[in-house]
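Examining the three-dimensional arrangement
The chain contents come next:
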Amino acid sequence: MTHDAAKRKVGITDTTLRDGHQSLLATRMKTSDMLPIAPKMDKVGFHSVEVWGGATFDTAMRFLNEDPWERLVLLRKAFQKTPLQMLLRGQNLVGYRHYPDDVVETFVKAAVRNGISIMRIFDAVNDVRNMWKAIEVSKGESAHVQATVCYTISPVHDLKHYVSVAGELKKMGADSLCLKDMAGILSPKEAYRIVKAWKDEIGLPVQVHSHYTSGMASMTYLKSIEAGADVVDCAISTMSMSTSQPSDESLVAALEGTANDTGLDLNLLSEIADYFREVRKKYAEFDKASPVPDVNVLRYQIPGGMISNFISQLREQKQLDKLPQVLAEVPRVKEDMGHPPLVTPTSQLVGTQAVLNVLTGDRYKMVTNEVKDYFRGLYGKPPADVDLEVQKKAIGDEQPIKDRPADHIEFGLKKAKEELGALYTKEEDVLSYALFPPQAKKFLEEQLARRTGVDYQLLEQSKKETPTGYMPV
């Protein structure tokens, strides 16, 4: 799975180029700031580097005017030895809703073709039906499938649940397992219990992903390693801690000289840290990371990104004083919805509904369309029973679906290709449009204008205004 795994007991996946800057800098790091340091990162001997997926795809087009596919190709050229890894939201891919099977299949094939070696695949509610298509295609493309289980705390998320889901994923063909703690609430004790059970009962390699939000992640990693974890996720020190991952250097130093020695060079890591210290300064306007642990994440199980979104939403409504009420409402909404783990997209569903419940003063008087779809079963099977009174407020007497959500979605690639017309130059453009139509169209129009000097919108308008059989002059 990696180029020199035999030389060490514990591997490190470096997340700096994906989750690190997504957590600390609102996913704003540009490809031009990644490429100069890539050859040096390639020398470290990381188990893998996470460079793609999550919010990076959307943000590249929406805010950076970059082609996410081009970023992947360039990074693949820059990393000659180290496997590239991505985060894939199962049937959601890199978006915020379920996509049809033809889009999932074509996207996964394109991701592997353009450089991804390890596919970390998860589903927000741990419904494996939402993961099987991506797993099946990844296996067919000879990518390493890291099937992922999202961690949360609830009456139904016990050890039996985590072992059961992991067992199902092994049957689907998982090559390794990842325990994904997106909120930073995984305690050392619970990490030890789950990892040991997976190693003993499932028998696949295990990787642990956490965030430093609560201040527990480094301790959690050490207990995970004691339980047999094979790999942990870290970021370079100058892009670590806070809502990011623990630092590469700290873990390397902590394990040095032990049976779990990573064998990585602290001096080389220090040089990389110096580089990112300067890069981070460029993104100061997005750098809102708190230097101290956030205890709210332990009280409410809310990822740091959700809290910042709440502050932004409430400030716009001039209702920032309602933040404590919103934070207290989140666990109640989460329980009403059957205890979904708070990760994209369920974190957005639960969070937005909590804000509405507080601002209207009448719980579920207003229900978002996404929450209605959740109660319809279109996001998958909730981990626990939902509150039937809340469900009735959301969708009336309509009965939720019981089968696989993607079976209710029509294929979409052909339609996307027709709608794009002359705008696309490669299959990847069609995929970008199928995932994010407005953002991709705007991006591709601007790309066309730069290449040809033709304003696509003006060209389309002239076609409509020109009689049939005539071309605009």
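As the structure is a computational prediction, the values presented were derived from the model and not from experiment. (Residues numbered from 1 in each chain as written. Predicted model: local features only at pLDDT ≥ 70, side-chain atom pairs only at ≥ 80, totals over all residues. Heavy atoms only, no water.)

1. Details of the overall build of the protein
Along the protein, the regular secondary structure elements total 22 helices and 8 strands. For a compact globule of 473 residues, the expected C-alpha radius of gyration is about 23 Å, and the protein comes in at 23 Å, within 12% of that figure. The principal-axis extent of the C-alpha atoms belonging to the protein is close to 80 × 55 × 45 Å. In the protein, the share of contacts with a sequence separation of at least 24, taken over all contacts with a separation of at least 6, comes to 75%. Per element, the accessible surface of the protein, about 20200 Å² overall, is 52% carbon and sulfur. A gap of 1 Å separates the mean positions of the 60 positive and 64 negative side-chain charges of the protein. (Helix = DSSP H or I, 4+ residues; strand = E, 2+ residues; numbered from the N terminus. Rg over C-alpha atoms; globule rule 2.2 N^0.38 Å. Contact = heavy atoms within 4.5 Å. Areas by Shrake-Rupley, 256 points an atom, 1.4 Å probe, with all protein chains shown as cover. Lys, Arg positive; Asp, Glu negative; His and termini not counted. Charge placed at Lys NZ, Arg CZ, Asp CG, Glu CD.)

2. A look at helix α16 (residues 346-360)
Its 15 residues give α16 an end-to-end C-alpha distance of 21 Å, which sits within 8% of 21 Å, the value for a rise of 1.5 Å per residue. Within the span of α16, buried status applies to Thr 346, Ser 347, Leu 349, Val 350, Gly 351, Gln 353, Ala 354, Val 355, Leu 356, Asn 357 and Val 358. Gly 361 occupies a position one or two residues after α16 and carries a positive phi of about 75°. (Expected span 1.5 Å × (residues − 1). Buried < 20%, exposed > 50% of the residue type's maximum accessible area, 1.4 Å probe, protein only.)

3. A short note on the confidence of the model for the protein
With 94% of its residues at a pLDDT of 70 or more, the protein shows a mean pLDDT of 92. Segment residues 1-8 is flagged for pLDDT under 50; beyond a separation of four residues in sequence, or across chains, it makes 21 contacts in the model. Across residues 466-473, confidence stays below pLDDT 50; counting only partners more than four residues off in sequence or on other chains, it has 3 contacts. (pLDDT = per-residue confidence, 0-100.)

4. Concerning the environment of Lys 441
Within the secondary structure, Lys 441 is located in helix α21 (residues 437-452). Lys 441 sits 240 residues away from Glu 201 along the chain, and the two C-alpha atoms are 48 Å apart. Contact partners of Lys 441, with chain neighbours within four places excluded, come to Leu 423 and Tyr 433.

5. Looking at the environment of Ser 138
Summarising the element assignment, Ser 138 is placed in helix α7 (residues 132-140). Those residues in contact with Ser 138, other than ones at most four positions away along the chain, are Val 108, Met 119, Ile 121, Ala 143 and Val 145.

6. Digging into the pattern of salt bridges
Pairing between side chains of opposite charge can happen when the charged atoms of each approach one another. Evaluation of the coordinates by the stated rule reveals 33 salt bridges. Where Glu 329 meets Arg 363, a salt bridge forms, and the shortest distance between an N and an O atom there is 2.8 Å. Of this pair, Glu 329 sits in helix α15 (residues 323-336) while Arg 363 sits in the loop between α16 and α17 (369-375), and the two are 34 residues apart along the sequence. Accessibility expressed as a relative area gives 3% for Glu 329, which makes it buried. Exposure remark for Arg 363: the relative accessible area of 31% places this residue in the partly exposed category. (Salt bridge = Lys/Arg side-chain N within 4 Å of Asp/Glu carboxyl O.)

7. Brief notes about empty space enclosed by the protein
In this approach a probe as big as a water molecule rolls over the atoms, and the regions it shows empty are the leftover space. Under the definition given, this model contains 1 cavity of 30 Å³ or more. What lines the largest cavity is simply Asn 92, His 98, Asp 123, Ala 124, Val 125, Pro 345, Thr 346 and Tyr 379. Here the residues of the lining of the largest cavity are counted per class, giving 4 nonpolar, 3 polar and 1 charged. (1 Å grid on protein atoms, 1.4 Å probe; cavity = no way out; pocket = protein on both sides within 12 Å on 5 of 7 lines; lining within 4 Å. Points joined across faces, edges and corners; volume = space filled by probe spheres on them. Nonpolar A, V, L, I, M, F, W, Y, C, P; charged D, E, K, R; others polar.)

8. Describing the packing of helix α8 (residues 159-171) against helix α9 (residues 188-202)
Relative to each other, α8 and α9 sit at 40°, their axes nearing to 10 Å. As judged from the angle between their axes, α8 and α9 are oblique. Seen from above, α8 lies across α9 with right-handed handedness. Facing α8, whose interface residues are Leu 159, Tyr 162, Val 163, Ala 166, Gly 167 and Lys 170, α9 presents Arg 193, Ile 194, Ala 197, Trp 198, Glu 201 and Ile 202. (Axes fitted to C-alpha atoms, helices over the stretch in contact; angles between N-to-C directions. Parallel < 35°, antiparallel > 145°, perpendicular 65-115°, else oblique. Left-handed = near helix turned anticlockwise from the far one by under 90°.)

9. Brief notes about helix α1 (residues 16-24)
The element α1 is extensively covered by neighbouring structure, given that 7 of its 9 residues are classed as buried. Taken together, the buried positions of α1 are occupied by Thr 16, Leu 17, Arg 18, Asp 19, Gly 20, His 21 and Leu 24. Ala 26 sits one or two positions beyond α1 and adopts a positive phi of about 55°.

10. Brief notes about the sheet that holds strand β8 (residues 231-234)
Strand order in the closed barrel formed by 8 strands is β1-β2-β3-β4-β5-β6-β7-β8, with parallel pairing between adjacent strands. Recorded for the sheet is a direction-independent mean angle of 30° between the axes of neighbouring strands. Two strands pair when backbone bridges link them, and strand β4 (residues 118-121) and strand β5 (residues 144-150) are joined in this way by 4 bridges, in the parallel orientation. Bridging across to β5, Ile 118 finds its partner in His 144. Relative to strand β2 (residues 48-53), α1 is tilted by about 60°, and along the sheet it contacts β1 (11-14), β2, β3 (84-88) and β7 (206-209). Seen against the sheet, helix α5 (residues 68-78) touches β2 and β3 and runs at an angle of roughly 165° to β2. (Pairing = 2+ DSSP bridges.)

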